[in-house]
Structures are given as structure tokens and as C-alpha cells.
Amino acid sequence: LDRYYREAPYVGTEVYHVGVPLAFQPDGHEVPVKAMKPLNLAQTTPTRIYMHGDEWIARVNRLRSLDRLPGEFLFVVRKPVDPDGRRAADEICDGLVQTGCLVADVDDEEAILTFARIEEPDDFALEGE
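Presented here is an overview of the structure given in this document. A quick note: this is a predicted structure, and the numbers were derived from the prediction, not measured. Just so you know, the residues in each chain are numbered from 1, in the order the chain's sequence is written. The predicted origin of the model limits local features to residues at a pLDDT of at least 70 and limits the giving and counting of side-chain atom pairs to 80 or more, whereas totals for whole chains, interfaces and linings rest on all residues. The basis for every side-chain value is the complete set of non-hydrogen atoms in the structure, without hydrogens or water.

In summary, the side chains of a regular strand alternate between the two faces of the sheet. To sort residues, take the accessible area from a 1.4 Å probe on protein chains only and compare it with the maximum for the residue type: under 20% means buried, over 50% means exposed, and anything in between is partly exposed. Going along the chain from the N terminus, every DSSP run of H or I of four or more residues is numbered as a helix, and every run of E of two or more is numbered as a strand. In terms of residue burial, strand E3 (residues 34–40) counts as a mostly covered element, since five of its seven residues are buried. Think of it this way: DSSP has to see at least two bridges between two strands before they count as a pair. As defined by bridge partners, strand E2 (residues 17–24) adjoins E3 across three bridges and the pair is classed as antiparallel. Considered in E3, the bridge of Phe24 is made with Lys34. Bridge analysis of E3 against strand E4 (residues 72–78) gives seven bridges, and the strand direction is parallel.

So, in C-alpha cells, the structure goes:
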């Protein structure tokens, strides 16, 4: 991951941007091609889960309206174990999927690594190489 992914503290525009901890943005691309964001939905109450998750759904929608949403966006989600919290987290995950994002459980290492994989064309070069 370290070879391809960097922190992208300003995905968006000068007027509106969000930080994304892992983004793959090759030279010449204004918007990351791929991005991953951990999302802790294991909050203490369903209300907190909805508030935190709805905030990210709104951010994704805003980035899309600005044409600055990464080409592929994966949320790596930690969910609570209690039934009410789990239902709230599932609703948030469904909302993220409806925005066109992908969602993987924090423990699903295979899904995360599959998403993160980058196919290198022969003429591929990272910025600074």
C-alpha cells in the first residue's frame, strides 16, 4: 500500500474538501483513482452511528456534485455488535453503497487487498519516481 497510496488531505476543491487517509492518485489526475477511508460505526448509540455515517454520505454526495469523487471509493467499516447499533450501521452502509461507494468490513482483509490492488501498465510512474 505504501508504494501507491498516500494521504490525500484535500480531496475536493479549494472551497470544499475532505481528508482521505489512503488515496491512489497517479500523475496527471486531479481526482484520486482509488481511495480508502476507515469508518468507525461502532459508536455508543444508534444516533451517533447515524450522525457519523450521514455526515460521510453527505460528503460523498458533495464531492460527486463537484465532480471530485474518487473513481473508486472504499469505506472500511467497523460495526457495533449490539442489534440496534448493527441495524443503524447496516443502514449507513446501504446509504454509502447507494452513493456508488464500496463497503468492506474491517476484518475482511481479502476484500480490502483486492480493492487496493493496482495493475501497473508498462509506462506507469508515480509522482517523484
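Comment: axis = line fitted to C-alpha atoms, over the contacting stretch for helices; angle = value between 0 and 180 degrees taken between N-to-C directions. Between helix H1 (residues 46–65) and helix H2 (residues 83–98), the shortest axis-to-axis distance is 9 Å and the interhelical angle comes to 10 degrees. Comparing the axis directions of H1 and H2 gives the class roughly parallel. Contacts between H1 and H2 involve Pro46, Ile49, Tyr50, Gly53, Asp54, Trp56 and Ile57 from the first element and Asp84, Gly85, Ala88, Ala89, Glu91, Ile92, Gly95 and Leu96 from the second. Just so you know the grouping, Ala, Val, Leu, Ile, Met, Phe, Trp, Tyr, Cys and Pro go in nonpolar, Asp, Glu, Lys and Arg go in charged, and all remaining residues, Gly too, go in polar. For the contact of H1 with H2, a count of residues per class yields nine nonpolar, three polar and three charged. Here the word oblique covers every angle except those under 35 degrees (roughly parallel), over 145 (roughly antiparallel) and from 65 to 115 (roughly perpendicular). Throughout, a residue-residue contact means that at least one pair of heavy atoms, one from each residue, lies within 4.5 Å.

The sheet built from five strands is open, its strands ordered E1-E2-E3-E4-E5 with mixed pairing. At either margin of the open sheet sits one strand with a lone partner, and together these are strand E1 (6–12) and strand E5 (102–105). Pairs of neighbouring strands in the sheet enclose a mean axial angle of 40 degrees, with direction left out of account. In this fold H2 packs onto E3, E4 and E5, with an angle of close to 145 degrees to the strand it touches most, E5.

Bringing unusual backbone geometry into the picture now. Here the phi dihedral of Asp67 falls at roughly 60 degrees; this positive angle occurs in a residue that is not glycine. Mapped onto the elements of the fold, Asp67 is located in the loop between H1 and E4. Assessed through its relative accessible area of 61%, Asp67 is described here as exposed.

Bringing the packing of aromatic side chains into the picture now. Any two of the Phe, Tyr and Trp rings considered here, Trp counted by its six-membered ring, make a pair once their centres fall within 6.5 Å; the pair's planes then place it as stacked at under 30 degrees, edge-to-face at over 60, or tilted in between. Enumeration according to the criterion identifies four aromatic pairs in this entry. Both rings, one in Tyr5 and one in Phe24, keep their centres 6.1 Å apart while their planes meet at 50 degrees; by these two values the pair is tilted. In this pair, Tyr5 sits in the segment before E1 while Phe24 sits in strand E2, placing the two residues 19 residues apart along the sequence. Judged by centre distance (4.7 Å) and plane angle (10 degrees), the ring pair of Phe73 and Phe75 falls under stacked. For Phe73, a relative accessible area of 2% gives the class buried. Three or more aromatic residues joined by ring pairs form one cluster here, namely Tyr4, Tyr5 and Phe24. Two thresholds decide whether a charge sits over a ring: the Lys NZ or Arg CZ must be within 6 Å of the ring centre and within 35 degrees of the ring normal. One residue, Lys34, lies across the ring of Phe115, its end atom 5.0 Å from the ring centre. Over the face of the ring belonging to Trp56 we find Arg59, whose NZ or CZ atom lies 4.4 Å from the ring centre.

Inspection of the secondary structure assignment puts Thr99 in the loop between H2 and E5. Given the relative accessible area of 8%, Thr99 is considered buried. A polar side-chain atom of Thr99 sits 2.5 Å from the main-chain carbonyl oxygen of Leu96. Beyond its immediate sequence surroundings of up to four residues, Thr99 is in contact with Ile57, Val60, Asn61 and Arg64. Definition of a polar contact: a pair of N or O atoms within 3.5 Å, with one able to donate and the other able to accept a hydrogen when the atoms are protein atoms, and with sequence-neighbouring residues admitted only if both atoms are side-chain atoms.

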